[in-house]
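# Examining the three-dimensional arrangement
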Amino acid sequence: MTTRADILRELGRQAEPWDVLVIGGGASGLGAAVEAASRGYRTLLVERSDFAKGTSSRSTKLVHGGVRYLEQLNLTLVTDALRERGHMLRNAPHLVHDQQFVVPAYSYTSIPYYGFGLKIYELLSGKLSFGRSEVLSAKGTLERLPGLIGEGLRGGILYHDGQFDDARYAISLLRTFQDLGGTAINYVEAVGLLQNGGKTIGIQAVDREDDATFDLLAKTVINACGVFSEETLSMDGGAHESLLTVSQGTHFVLPHSLLTGTAALMIPKTADGRVLFAIPWHGATIVGTTDESVDRASTEPRALVSEKKFLLDHIARYFGRRPDPKEILSIWSGLRPLVKKGGVKTSQLSRDHTILVSQSGLITVTGGKWTTYRRMGQDTINRACDVASLPSRPSRTLELKIHGWTMDPAGTASEWERVYGADLPLLCALSSEDAGLHALLHPRLPFREREVVWAARYEMARTVEDVLARRTRALFLDARATIEAAPAVARLLARELKRSETWREKDLADFLGVANGYIYRESDMA
């Protein structure tokens, strides 16, 4: 088992440049790193905080072509995304699954309009289709969406799309990258670019755990920092035009009782032109998302009052009542890096990706969406090969099985346990070694103490937040229960990582400061 200290020693002994160095451990960075390593290039990935800390753990948990982009007639994006959706299911069936969605129709004209559109959506997926769409009666719609307001309902359209656990998928990509011989490390920040003769030849890095600094040389450097891409570009020297518009999406997590069926609700166009979902996920219901332009990116975006009001109003509009504040189990926001187009609303900006090569040879990949992460990685490494004159090798990722892949992804495991795939027996074996690790972290959470130990030993978790926000999804499912479970997690993690009592207390305090922002409070609406 390679430890963080082992990785740091390897970096310190660097004898020759890496073929590819990726800055950023979200979906686009991990996708590029897996692509490079799978082609046999010697690849390093550095992340200044934790893998999937930002946007990549805060999505609406959909693997989809994008119904809204179909309405915008962006057929290329939709077709490419539907193709990638199909391959995500084939390559990671333990993490991706088919999800039925129902679009309720409150006017007779909307039934043929959305019915035709969703049939096109189905046909565009070709042999990788998740299932047939069909028109439902009003009764059939309510059977699939219990709790939905029936007054004025004319019918509905059922269609199929994909769902996944975004942060767990990211961690599985990390493990895949490592399986391919790649080297990754979190909490190492790129604080500058190394340049020679006007060309980027590596990065200046600092270990955020002990403040040690070191240089890392590479034949090509990839900036995959999402909403923070412009920060890395600013290190490159010279003038750079503003590249991104940052859009924020906020979600409520509510009890399963809001939507007791297995189908998800999809509202294709609210009064102000947004798309809204209510989706079953890990025993709860996610409602979102919003689409608000924000001035700047932050590592812990917080929901705006206008976003909370939007979600509360629309829950009441479609389910007949506003949720009690205590029913809102968690509230969280994510940021979208959208490539700028003057005067266009963020909800209308394309989610397609953009690759830029600066004069120094720094490669920046930004925009895009989770579903097309693999294609983004393929396109990025193709450009990197040209820039760095790496030996030409074909992409292998279209059929590459993601770490944990299993032929029996469901089996008898719970929805949460399935995300470990083929690793689940090894995880369960920890309870055999220490019966105490079988205990639940909290009565309202599905996670056990063994997940904490596993996260530290095999998934590079370094903090309580890493464990409770991304290795498990506790913070995203029930913030109050997670806060109550946090002291026990801090003790387990400190023991596993051989940390001091002072470290345990500080890390716990840091986590509680973050976690309190996930609790909905009525006073915040004032």
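In this report, the structure presented in the accompanying data block is examined. (Residues numbered from 1 in each chain as written. Predicted model: local features only at pLDDT ≥ 70, side-chain atom pairs only at ≥ 80, totals over all residues. Heavy atoms only, no water.)

Turning our eyes to something else, we now look at the side chain of Asn91. Looking at the secondary structure, you find Asn91 in helix α4 (residues 75-91). On the accessibility criterion, Asn91 (4% relative accessible area) is buried. Here the side chain of Asn91 touches Leu398 through a polar contact of 3.0 Å, landing on its backbone oxygen. Leaving out residues up to four positions away in the same chain, Asn91 has contacts with Thr397, Leu398, Glu399, Leu400, Lys401, Ile402 and Trp405. (Helix = DSSP H or I, 4+ residues; strand = E, 2+ residues; numbered from the N terminus. Buried < 20%, exposed > 50% of the residue type's maximum accessible area, 1.4 Å probe, protein only. Polar contact = N/O pair within 3.5 Å; in protein donor to acceptor, adjacent residues only side chain to side chain. Contact = heavy atoms within 4.5 Å.)

In the structure shown here, the tally under the stated rule is 38 salt bridges. A salt bridge links Arg48 to Glu189, with the nearest nitrogen and oxygen atoms 3.7 Å apart. Of this pair, Arg48 sits in the loop between β2 (43-47) and β3 (62-63) while Glu189 sits in strand β8 (residues 188-196), placing them 141 residues apart in sequence. Residue classification places Arg48 among the partly exposed residues on the basis of a relative accessible area of 23%. One salt bridge connects Asp423 with Arg175, and the closest N-O pair in it is separated by 3.7 Å. Within this pair, whereas Asp423 is found in the loop between α10 (373-388) and α11 (424-433), its partner Arg175 is found in helix α7 (residues 166-179), the two being separated by 248 residues in sequence. No difference in accessibility class separates Asp423 from Arg175, as the two residues are buried. A single salt-bridge network, built from bridges that share partners, covers Asp50, Lys53, Arg58, Glu300, Arg302, Glu465, Asp466, Arg470 and Arg471. (Salt bridge = Lys/Arg side-chain N within 4 Å of Asp/Glu carboxyl O.)

We now examine the environment of Gln100. Its location among the elements puts Gln100 in strand β4 (residues 96-105). With 66 residues separating them along the chain, Gln100 and Asp166 place their C-alpha atoms 18 Å apart. Other than its neighbours up to four places away in sequence, Gln100 contacts Arg144, Leu158, Tyr159, His160, Ala263 and Ala264.

In this model α7 runs 20 Å from its N-terminal to its C-terminal C-alpha over 14 residues, within 8% of the 20 Å that 1.5 Å per residue would give. α7 sits mainly inside the fold: twelve of its 14 residues count as buried. Those residues of α7 that fall on the buried side of the exposure criterion are Asp166, Ala167, Arg168, Tyr169, Ala170, Ile171, Ser172, Leu173, Leu174, Arg175, Thr176 and Phe177. The positive-phi residue at the C-terminal boundary of α7 is Gly181, with phi of around 95 degrees. (Expected span 1.5 Å × (residues − 1).)

Here the focus is helix α5 (residues 110-124). For α5, with 15 residues, the first-to-last C-alpha span of 21 Å sits near the 21 Å given by 1.5 Å per residue. Residues of α5 that are buried: Ser110, Ile111, Tyr114, Gly115, Leu118, Tyr121 and Glu122. Along α5, the residues classed as buried sweep out an arc of 120 degrees about the axis, all on the same side. For α5, the exposed residues lying more than 90 degrees away from the buried face are Pro112, Phe116 and Leu123. At the exit of α5 stands Gly126, carrying a positive phi of roughly 55 degrees. (Arc of directions from axis to C-beta.)

Now for the pairing of β2. Of all the five residues making up β2, five are buried; the element is thus mostly covered by neighbouring parts of the structure. Note: strand β1 (residues 18-23) against β2, four bridges, orientation parallel. Bridge pairing in β2 places Leu21 opposite Leu44. With helix α2 (residues 27-38) bridging β1 and its parallel neighbour β2, the resulting β-α-β unit is right-handed. (Pairing = 2+ DSSP bridges. Right-handed = clockwise from strand over helix to strand, strands pointing away.)

The next subject is the nonpolar core. Counting 119 residues, the largest nonpolar core has Leu21, Val46, Tyr169, Ile203, Leu216 and Ile222 as its most contacted members. Looking at this core, the element that brings in the most residues is helix α15 (residues 479-497), giving eleven residues. With residues up to four places along the chain from it excluded, the contact list for Leu216 reads Leu11, Gln14, Leu21, Leu44, Val46, Leu194, Ile201, Gly202, Ile203 and Ala205. One finds Val102, Leu258, Leu276 and Ala303 within the second-largest nonpolar core, a separate group that totals 25 residues. (Core = buried A, V, L, I, M, F, W, Y, C linked by side-chain atoms within 4.5 Å.)

Look at helix α12 (residues 449-458) against α15: their axes get within 10 Å of each other, and the N-to-C directions meet at 40 degrees. Every pair of crossing elements has a handedness; the one defined by α12 and α15 is right-handed. Side by side, α12 and α15 meet where Glu449, Val452, Val453, Ala456 and Arg457 of the first sit next to Val489, Leu492, Leu493, Glu496 and Leu497 of the second. (Axes fitted to C-alpha atoms, helices over the stretch in contact; angles between N-to-C directions. Left-handed = near helix turned anticlockwise from the far one by under 90°.)

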